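The primary structure of each chain is shown beneath.
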Amino acid sequence: MIFIYTEKFLNYKEEGHPEGPERLKAIVDYLRKKGIKEFVEPIPCTEEDLKLVHTEDLINSVKNNDFFDSDTPNLPGIYEYAALSVGAAIMAAEFSAEGKNAFSLSRPPGHHAGRNTLGGFCYFNNMAVAVKKLLSTGKKVSVLDLDGHHGNGTEEILRNFENVIYVSIHQYPAYPGTGSVSFGNCYNFPVYPNSTSKKYMEKFNQAIEIIKKFNPDILGISLGFDAHMHDPLLEMPLSESEYYFMGKEIGKLGINFFIILEGGYNTQTIGKTCYCFISGLMKKGGKENEEDNGKF
Ligand SMILES: [Zn+2]
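A brief look at the structure comes next. Just so you know, these numbers come straight off a predicted model, no measurement behind them.

Thresholds, definitions, all that
- Residues numbered from 1 in each chain as written.
- Predicted model: local features only at pLDDT ≥ 70, side-chain atom pairs only at ≥ 80, totals over all residues.
- Heavy atoms only, no water.
- Helix = DSSP H or I, 4+ residues; strand = E, 2+ residues; numbered from the N terminus.
- Expected span 1.5 Å × (residues − 1).
- Buried < 20%, exposed > 50% of the residue type's maximum accessible area, 1.4 Å probe, protein only.
- Contact = heavy atoms within 4.5 Å.
- Donors = N, O, S within 2.8 Å, 3.2 Å for Na, K, Ca; no water.
- Salt bridge = Lys/Arg side-chain N within 4 Å of Asp/Glu carboxyl O.
- Axes fitted to C-alpha atoms, helices over the stretch in contact; angles between N-to-C directions.
- Parallel < 35°, antiparallel > 145°, perpendicular 65-115°, else oblique.
- Left-handed = near helix turned anticlockwise from the far one by under 90°.
- Nonpolar A, V, L, I, M, F, W, Y, C, P; charged D, E, K, R; others polar.
- Pairing = 2+ DSSP bridges.

Digging into helix α1 (residues 21–33)
Alright, step 1. End to end, α1 covers 18 Å across 13 residues, agreeing with the expected 18 Å (1.5 Å per residue, within 8%).
Alright, step 2. For α1, the complete set of buried residues consists of Pro21, Arg23, Leu24, Ala26, Ile27, Val28, Tyr30 and Leu31.
Alright, step 3. For α1, the elements touching its buried residues are β1 (2–4), β7 (256–261) and α9 (270–283).
Alright, step 4. Positive backbone phi, at 100°, marks Gly35, one or two positions downstream of α1.

Comments concerning the coordination of the zinc ion
Alright, step 1. Protein coordination at the zinc ion: the donors are Asp147 (OD), His149 (ND1) and Asp226 (OD), at 1.9 to 2.1 Å from the metal.
Alright, step 2. For the zinc ion, the single-chain donor residues occur in sequence as D-x1-H-x76-D. With Asp147 in the loop between β3 (141–145) and α6 (152–158) and Asp226 in the loop between β6 (218–223) and α8 (240–252), this residue pair connects regions lying 79 residues apart in the sequence. Accessibility classification places Asp147 together with Asp226 in one group, the buried group.

Side note on the pattern of salt bridges
Alright, step 1. As enumerated under the stated definition, the model contains 14 salt bridges in all.
Alright, step 2. A salt bridge links Lys63 to Glu47, with the nearest nitrogen and oxygen atoms 2.3 Å apart. Here Lys63, found in helix α3 (residues 56–63), pairs with Glu47, found in helix α2 (residues 47–51); they are 16 residues apart in sequence, far enough to count as distant.
Alright, step 3. By relative accessible area, which is 26% here, Glu47 ends up partly exposed.
Alright, step 4. Residues Lys198 and Glu202 are paired through a salt bridge, measuring 3.7 Å at the closest nitrogen-oxygen approach. Taken together, the positions of Lys198 and Glu202, both in helix α7 (residues 197–214) and 4 residues apart, correspond to about one turn of that helix.
Alright, step 5. On the basis of relative accessible area, Lys198 is assigned to the exposed category, the value being 59%.
Alright, step 6. Residue Glu202 is classed as partly exposed on the basis of its relative accessible area of 33%.

Some remarks on helix α5 (residues 126–135)
Alright, step 1. Of all 10 residues in α5, 9 are buried, a share of seventy percent or more.
Alright, step 2. Among all positions of α5, only Asn126, Met127, Ala128, Val129, Ala130, Val131, Lys132, Leu134 and Leu135 are buried.

Focus: the packing of α8 against α9
Alright, step 1. Their axes nearest at 6 Å, the elements α8 and α9 cross at an angle of 30°. Judged by the angle between their axes, α8 and α9 are roughly parallel. Remark: the crossing between α8 and α9 carries right-handed chirality. Only Lys272, Thr273, Cys276, Phe277, Ser279, Gly280, Leu281 and Lys283 of α9 make contact with α8, whose side of the interface consists of Glu240, Tyr243, Tyr244, Met246, Gly247, Lys248, Ile250 and Gly251.
Alright, step 2. Along the lines of polarity and charge, the residues of the contact of α8 with α9 split into 7 nonpolar, 5 polar and 4 charged.

As for unusual backbone geometry
Alright, step 1. In the segment running from Arg107 into Pro108, the intervening peptide bond is cis, with an omega of 0°.
Alright, step 2. You can see Pro108 is positioned in the loop between β2 (102–104) and α5.
Alright, step 3. In this chain, Tyr172 is followed by Pro173 through a cis amide linkage whose omega measures 0°.
Alright, step 4. Examined against the element boundaries, Pro173 turns out to sit in the loop between β4 (164–171) and β5 (186–191).

Some remarks on the sheet that holds β5
Alright, step 1. The sheet built from 7 strands is open, its strands ordered β1-β2-β7-β6-β3-β4-β5 with parallel pairing. The open sheet has two free edges, formed respectively by β1 and β5, since each of these has just one partner strand. Across the sheet, the axes of successive neighbouring strands diverge by a mean angle of 15°, strand direction being ignored.

Section: the environment of Ser197
Alright, step 1. Inspection of the secondary structure puts Ser197 in helix α7.
Alright, step 2. Ser197 sits in the partly exposed class, given a relative accessible area of 24%.
Alright, step 3. Residues Ser197 and Ser104, spaced 93 residues apart in sequence, show a C-alpha to C-alpha distance of 27 Å.
Alright, step 4. Ignoring sequence-local partners within four residues, the contact set of Ser197 consists of Pro237, Leu238 and Glu242.

Right under this line is the structure:
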């Protein structure tokens, strides 16, 4: 697996905001400890890339720091960071199209950004841009959104498009209040707050069946770790062993994939949880919650 990352992603923050650089740093530090030391440097996306899914109004408002959202800080240079995050996502998608699975370890996240709206810590929709690039080359793509929140922006952008489905498992009710029903090419699996992990995994298995049936060329995974039981923002039930299991089940599909980091706000658990998911993916079998030596 190829890991796309740059320390530039750690260079902005708003004091006290849950989407801080320490999240990504915790993941990368954990991966390094496990022997993953090579990271490919991303390049920023172009404005043309952003225009594939976003309005000029949104692009300009981020570029000119001319916006307000109570959750999504208006910080100096945020356009450059957001464009770099989209660039990392595109790079991951392009690797997967060449048969090399890749993981974009980036921030800011993207799945709440709609065509003309930012929100939920997201400025531009990393996944939607990456998917539109793949679709333009004739690929059939499935998005699996495992963040604990519903990816309302990705759904809004990809709904009714040919050759793509959006599949999401998320807490409902919770921010952003969408994702209670499925329609068209969007398959939503809402999970009530404080449900059991068994309940969650039933939905996960249903989601996997839908992806199998659709039989995509490429699977894009919006990966958040806020469905973890110790995440401070949600009331979801998962532990490291479910993340390992989900990785393993996805790996068994045998579909080329790319991963984009979305949320996950417990810096104590996020690194190990991420590593367990990757271990499951690359192992495609073996003991539950087993960690290996990091040599994939
Ligand atoms: Zn989330």
